[in-house]
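Letter by letter, the chains look like this.
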Amino acid sequence: MNVNQSAPPVPPFGQPQPIYPGYHQSSYGGQPGSTAPPIPYGAYNGPVPGYQQTPPQGMSRAPPSSGAPPASTAQAPCGQATYGQFGQGDVQNGPSSTVQMQRLPGSQPFGSSLAPVVSQPAVLQPYGPPPTSAQVTTQLAGMQISGAVAPAPPTSGLGYGPPTSLASASGSFPNSGLYGSYPQGQAPPIGQAQGYLGVQTPQRSAPSQASSFTPPASGGPRMPSVTGPLLPGQGFGGPPVSQPNHVSSPSPQALSPGTQMTGPPGPPPPMHSPQQPGYQLQQNGSFGPARGPQPNYGSPYPGAPTFGSQPGPPQPLPPKRLDPDAIPSPQLNELPPQQKTRHRIDPDAIPSPIQVIEDDRNNRGTEPFVTGVRGQVPPLVTTNFLVKDQGNASPRYIRCTSYNIPCTSDMAKQAQVPLAAVIKPLARLPPEEASPYVVDHGESGPLRCNRCKAYMCPFMQFIEGGRRFQCCFCSCINDVPPQYFQHLDHTGKRVDAYDRPELSLGSYEFLATVDYCKNNKFPSPPAFIFMIDVSYNAIRTGLVRLLCEELKSLLDFLPREGGAEESAIRVGFVTYNKVLHFYNVKSSLAQPQMMVVSDVADMFVPLLDGFLVNVNESRAVITSLLDQIPDMFADTRETETVFAPVIQAGMEALKAAECAGKLFLFHTSLPMAEAPGKLKNRDDRKLINTDKEKTLFQPQTGAYQTLAKECVAQGCCVDLFLFPNQYVDVATLSVVPQLTGGSVYKYACFQVENDQERFLSDLRRDVQKVVGFDAVMRVRTSTGIRAVDFFGAFYMSNTTDVELAGLDGDKTVTVEFKHDDRLNEESGALLQCALLYTSCAGQRRLRIHNLALNCCTQLADLYRNCETDTLINYMAKLAYRGVLNSPLKAVRDTLITQCAQILACYRKNCASPSSAGQLILPECMKLLPVYLNCVLKSDVLQPGAEVTTDDRAYVRQLVTSMDVAETNVFFYPRLLPLTKSPIESTTEPPAVRASEERLSNGDVYLLENGLNLFLWVGASVQQGVVQSLFSVSSFSQITSGLSVLPVLDNPLSKKVRDLIDSLRAQRSRYMKLIVVKQEDKLEMLFKNFLVEDKSLSGGASYVDFLCHMHKEIRQLLS
Ligand SMILES: [Zn+2]
């Protein structure tokens, strides 16, 4: 480990740097000397310009900038009849028997004890400027659009029935790809015999993945790839026959490069014996075409990487892999007839996600992952492991697409492997792992490099007896302040290194000084404001009553600093329809007071004292208020709502209270009432597959970006709970949550009896989440690379600082890096992520994560240290952002081309010589095609006919801040057989591949993807199982669509319910259960998640996509 070695002399850090497209600044890293002007990172380096210019001024308002008409005067737009059913004049805000209310212009006090009227002249709000498009990057514009992909032929032979409606599932999300008419999407060829791809022998020859690789004396480095089926009876360690895991065309003659592999199914080439069960060894070690599913084929992927043919220094052997695919396969006689002949490639012979996951669990799940070594690839996100911090940030905080970065940009361009880190700065840790230590350096604050402002970390090099240190990021020599001085030991390490977290750990926190605070003032504790839609829809569904009842108890569980007796967070309440009602819940009041603001174009907060209160002090008044709200509005006929003024009001309230905080909005409908941010219904499914499809993802007005920017400046994070019965324009409504680090939850067609468990579970979790407020994140890098692009839920006003009004433990920020200089193998590359935030108790802190990566001059080293799950996370986010600006076909083609280039580069430069017809995948990326295909046919990129525009916008913004584990299961769902393993087994059953072929009609399965949860029941399942799980006597009596399993006192019922609970506990959102019966119409919904199969929306099957990818690679190589 040489991470502490000083970097060799490098050019001054402040040298001119290349400017990447879309990044008009190149001010990364600050200035070359301590006398330089302040760097843009104000929060770290003194006052933030933006903050200082707008000190909180109570009810001050921005100047008018647009001509929003007066409130409550305009008629509802045409074509929105459903919202006008109660008429414009029929406004009833539901005065109850105990309250009286009049509507007057402006605001008025309400209730018996009147507060002073605070009325303001109408001042127009700064709505209306064009979209700032801060988040709409030009990334896709610069992406290479690949050549045309062959249009997808019509699906056939699936045996699916004609489209029917599916009303009962509408509450679940996403209802995607159900009865898709075949879109005109340009999917890879589907459903055709894909030539005669064979599969190479599964053998591996000794040293493997971990073994160091020395390139041959001549020619480029070659790295054979790995794993493939083992012939039955063959053991490990036999003579190397070939590289396993290569799907190959058996002979060049059979399929010359460039040949369309889309011919009709035909007999295999003569060299393959059709009668031969299993695979026949080919001359080059590949196998002949599979003749269909081969359930008994035992071990397709035993292999470990076979770098063994290359001489190289010995390195640790990987743990022996278990018998792969020891997964119960369906019996042939259980399969529909057409499936027996559908594939010409055995699905068991292509890389299996299940196998890779199982192997990693077995190999790496037993030992803790110790972070002391630079460039170590961590275990997969699907593996349970403990982390020991020995100088690098835990993979729970940072995961990289590659842990070995090419030294030059030329190499990086050649490989096309994106260099990105998925960072989750406030990730929650398992109980066995300690939270980061908090370091207090007193008034002097954290020690930093004078030039680049990097924070003290284990990689800083102390010199001159400890009197100075050289920055590991920019090489600047800094003096050590006297109070920080310490002697060095004989190795040059400070003798107190292990006593100081910032010198020995990858992650730690500093207490921030007042210099890191807005207006040079320590922050107040944050506040939560609950803003409840009380329009007709919200009342009718029972939502308001349910929510108010829940809040009474939930307010006792606001986040608190460790050890604190009560939360420091204050709370406030607003209800609204087309006007807003503020509540005074001051502890000294006998009853809450309502104040109405109907001038929504000119939003202000009518009361300061008594709006934000301590829960314990005001408990009686709050309880009274929450009891009264449902009754007060019980008879409302008001169907119109406003939206932007509600956020504006919450933000103004926080501003007046001079604190950061979070708004919890509970909203039901498209905000069509006359007000800033008013929206119209612009849903148009005819735009799908046109160049205008991107507009469905774009906000329809720029008002929300402007509003979001104001929220960010105030540290006002917005969480949005949506309860729509129809289109609400999620693409627009989610702009503020997205840009403020908030979350969006969506409960379509909400009904209390069906959806309350899911909603309340999400709400409880959301309210109790630990959140960092008013945060700024910056990623520094050592010389040679720099952060150039960012993905996630945040706002950026410059090119380097990620501004987050709020950041919780579920949110990730993905950062892409590019070269701006040559990297050095010896010194490697360093990342430092610094997050400045206000804790839930109001403490200003800095959380630091450091990570050291290796650098390589051989492409093989890059390909050996990649992480496909993280690659997919990055590529999905890039594509999901791309849909804002580019036609979807172009986005899909770009993904396919990049994937082909990555794999072709490997094939050309790293793989051992082999037939051109072979598909050779790097071990670390052997799942790239299957996972990429899942991204390509996801609802955002290739929607099924039943997927709504709102669902697509919703998923799009969800994925933007998902971590690697979430994207992994979201794109490739987990499918767990429930009755195959012994009933007494306490471990989670091994998953099976997400394909219909893996379903046995005699079994029951759970499928989950982090958002959805299905229980699929085979038609031939034993009667005893049916009785045990559902308490009915036969399959036909099971209620399709059931969302709760009966609580029955038998081992199977308990086991399945425990498993469901366990799956839910693993995910950040509650997954509602849907019971699906085989051959039932709901099954179509379920089948959409069997992602290895051809999808009804035109998405290719895994096998077909792999063939297509192979073709693309061959075209690149020829
Ligand atoms: Zn520095």
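Residues numbered from 1 in each chain as written. Predicted model: local features only at pLDDT ≥ 70, side-chain atom pairs only at ≥ 80, totals over all residues. Heavy atoms only, no water.

J.: How should the overall build of the chain be read in this particular structure?
T.: Helix and strand counts for the chain stand at 23 helices and 31 strands. In the chain, buried positions account for 64% of the 1118 residues. Across the chain, every contact between residues at least 6 apart in sequence was considered, and the portion connecting residues at least 24 apart equals 78%. When the accessible surface of the chain is split by element, carbon and sulfur atoms take 53% of a total near 38,900 Å². (Helix = DSSP H or I, 4+ residues; strand = E, 2+ residues; numbered from the N terminus. Buried < 20%, exposed > 50% of the residue type's maximum accessible area, 1.4 Å probe, protein only. Contact = heavy atoms within 4.5 Å. Areas by Shrake-Rupley, 256 points an atom, 1.4 Å probe, with all protein chains shown as cover.)

J.: Is there a simple way to explain the coordination of the zinc ion in this structure?
T.: As a benchmark, a tetrahedral metal site with four donors has ideal angles of 109.5 degrees, while an octahedral site with six donors has ideal angles of 90 or 180 degrees. Protein ligation of the zinc ion involves Cys449 (SG), Cys452 (SG), Cys471 (SG) and Cys474 (SG), the donor distances falling in the range 2.2 to 2.3 Å. One can describe the site at the zinc ion as tetrahedral: its 4 donor atoms subtend angles covering 102 to 115° at the metal. Each donor residue of the zinc ion belongs to the same chain, with the gaps between them written as C-x2-C-x18-C-x2-C. Take cysteine 449: its relative accessible area is 1%, and that puts it in the buried class. (Donors = N, O, S within 2.8 Å, 3.2 Å for Na, K, Ca; no water. Tetrahedral: all angles 85-135°; square planar, octahedral: opposite > 155°, others 65-115°.)

J.: What am I meant to see in the nonpolar core here?
T.: Soluble globular proteins tend to pack their nonpolar side chains together in the buried interior. With 152 residues, the main nonpolar core has Leu580, Phe582, Tyr863, Leu1006, Leu1015 and Phe1030 as its most contacted residues. By residue number, the principal contributor to this core is helix H16 (residues 888–909), which donates 11 residues. Non-local contacts of leucine 1006, meaning those with residues more than four positions away in its chain, are made with Arg974, Leu975, Leu976, Leu978, Leu1013, Phe1014, Leu1015, Leu1059, Ile1060, Leu1063 and Leu1073. With 48 residues, the next largest nonpolar core counts Leu547, Ile629, Tyr745 and Leu760 among its residues. (Core = buried A, V, L, I, M, F, W, Y, C linked by side-chain atoms within 4.5 Å.)

J.: How do you make sense of the sheet that holds strand S30 (residues 1012–1017) when you look at a structure like this?
T.: Pairing between sheet strands relies on hydrogen bonds along the backbone, with the strands arranged either parallel or antiparallel. In spatial order, the strands read S28-S29-S30-S31; together these 4 strands make up an open sheet with mixed pairing. Because the sheet does not close on itself, it has two edges, and the strands there are strand S28 (974–977) and strand S31 (1072–1077). With strand direction ignored, the average angle separating the axes of adjacent strands in the sheet is 20°. Bridge count between S30 and S31: 6 bridges; the pairing is parallel. Directly across from valine 1017, in S31, lies its bridge partner lysine 1077. (Pairing = 2+ DSSP bridges. Axes fitted to C-alpha atoms, helices over the stretch in contact; angles between N-to-C directions.)

J.: Where do I start with the pairing of strand S21 (residues 771–781) in this structure?
T.: Two faces, one strand: in a regular strand the side chains alternate between the faces of the sheet. Across the 11 residues that make up S21, a large majority, 11, are buried. Pairing of S21 with strand S23 (residues 802–808), which is carried by 6 bridges, proceeds in the antiparallel orientation. Note that in S23 the partner of glycine 772 across the bridge is leucine 807.

J.: Explanation requested: the environment of serine 734 in the structure shown.
T.: Examined against the element boundaries, serine 734 turns out to sit in the loop between helix H11 (730–733) and helix H12 (735–739). It is 8.9 Å that separates the C-alpha atoms of serine 734 and tyrosine 704, two residues lying 30 residues apart in sequence. When neighbours within four sequence positions are excluded, serine 734 is seen to be in contact with Val744 and Gln957. For serine 734, the side chain forms a polar contact with the main-chain oxygen of valine 730, separated by 2.7 Å. (Polar contact = N/O pair within 3.5 Å; in protein donor to acceptor, adjacent residues only side chain to side chain.)

J.: Just to check I follow, could you spell out the pattern of salt bridges for this structure?
T.: Between side chains of opposite charge, pairing is possible as soon as their charged atoms come close. Counted according to the given criterion, the structure contains 51 salt bridges. With a shortest N-O distance of 3.2 Å, glutamate 509 and arginine 845 are connected by a salt bridge. Note that glutamate 509 is positioned in strand S13 (residues 507–511) and arginine 845 in strand S26 (residues 844–856), a separation of 336 residues in sequence. Under the relative-accessibility criterion, arginine 845 is labelled buried at 12%. Between arginine 864 and aspartate 861 there is a salt bridge, and its shortest N-O distance comes to 3.7 Å. Here arginine 864 and its partner aspartate 861 are both found in helix H14 (residues 859–864), 3 residues apart, which amounts to about one turn of the helix. One exposure class covers both arginine 864 and aspartate 861, and it is buried. (Salt bridge = Lys/Arg side-chain N within 4 Å of Asp/Glu carboxyl O.)

J.: Even after reading the chapter, I still don't get helix H10 (residues 703–714), so can you show me in this structure?
T.: In an α-helix, one full turn covers 3.6 residues, which means residues spaced three or four apart are oriented alike. Its 12 residues place the ends of H10 17 Å apart at the C-alpha level, agreeing with the 16 Å of an ideal helix rising 1.5 Å per residue. Burial of H10 is extensive: 10 of the 12 residues sit out of reach of the surface. The complete set of buried residues in H10 reads Ala703, Tyr704, Gln705, Thr706, Leu707, Ala708, Glu710, Cys711, Val712 and Gln714. Buried residues belonging to H10 abut helix H9 (644–656), strand S19 (716–722), H11, H12, S21 and S23. Count one or two residues on from H10 and you reach glycine 715, which has phi positive near 70°. (Expected span 1.5 Å × (residues − 1).)

J.: Please explain the sheet that holds strand S10 (residues 461–463) as it appears in this structure.
T.: With antiparallel pairing, the 3 strands of this open sheet are ordered in space as S10-S11-S12. The strands lining the two open edges of the sheet, one partner per strand, are S10 and strand S12 (477–479). Taken over all neighbouring pairs, the strand axes of this sheet differ in orientation by 35° on average, direction set aside. Here strand S11 (residues 468–470) runs beside S12; their pairing, made up of 3 bridges, is antiparallel. What sits directly across from glutamine 470, in S12, is isoleucine 477.

J.: Help me understand the pairing of strand S25 (residues 829–838) in this model?
T.: Taking burial as the measure, the 10 residues of S25 include 10 buried ones, the bulk of the element. Covered by surrounding structure in S25 are Ala829, Leu831, Cys833, Leu835 and Tyr837 together with Leu830, Gln832, Ala834, Leu836 and Thr838, the residues of both alternating faces. In this structure, S21 lies alongside S25, joined through 7 bridges in antiparallel fashion. Residue pairing across strands places arginine 778 opposite alanine 834, the latter belonging to S25. Where S25 lies against S26, 10 bridges are found, and the strand directions are antiparallel. Within S26, the position partnered with leucine 830 by the bridge is alanine 852.

J.: What am I meant to see in unusual backbone geometry here?
T.: For glutamate 658, which is not a glycine, the phi torsion comes out positive at approximately 55°. Assignment of secondary structure puts glutamate 658 in the loop between H9 and strand S18 (661–667). We classify glutamate 658 as partly exposed; its relative accessible area is 40%. One non-glycine residue, asparagine 689, lies in the positive phi region at around 70°. When you line up the elements, asparagine 689 lands in the loop between S18 and H10. A relative accessible area of 36% places asparagine 689 in the partly exposed class.

J.: Quick question: what am I supposed to make of helix H17 (residues 928–936) here?
T.: In terms of burial, H17 is largely enclosed, as 9 of its 9 residues are buried. Listed in full, the buried residues belonging to H17 are Leu928, Pro929, Val930, Tyr931, Leu932, Asn933, Cys934, Val935 and Leu936. Its buried side turned inward, H17 meets helix H3 (353–364), helix H15 (868–882), H16, helix H19 (964–971) and helix H23 (1102–1117).

J.: What is the right way to read the side chain of aspartate 533 from this model?
T.: Note on placement: aspartate 533 falls in strand S14 (residues 527–533). Despite its burial, aspartate 533 pairs with no opposite charge; the closest candidate is arginine 540, at 11 Å N-O. Within the local environment of aspartate 533, its side chain forms a polar contact with the side chain of threonine 668, the two groups lying 2.6 Å apart. Setting aside its immediate chain neighbours within four residues, aspartate 533 contacts Ala538, Val544, Tyr576, Thr641, Phe666, His667, Thr668 and Ser669. (Lys, Arg positive; Asp, Glu negative; His and termini not counted.)

J.: What is the right way to look at the packing of aromatic side chains in this model?
T.: Centre distance and the angle of the planes are the two values used to describe a pair of aromatic rings. Enumeration over the complete set of coordinates arrives at 29 aromatic pairs. Between tyrosine 747 and phenylalanine 750, the ring centres sit 6.4 Å apart and the planes meet at 75°, which makes this aromatic pair edge-to-face. Each member of the pair, tyrosine 747 as well as phenylalanine 750, is classed as buried. Here a set of aromatic residues connected by ring pairs shows up, and it is made of Phe666, Phe721, Phe723, Tyr745, Tyr747, Phe750 and Phe759. (Phe/Tyr/Trp six-rings, centres within 6.5 Å; stacked < 30°, edge-to-face > 60°.)

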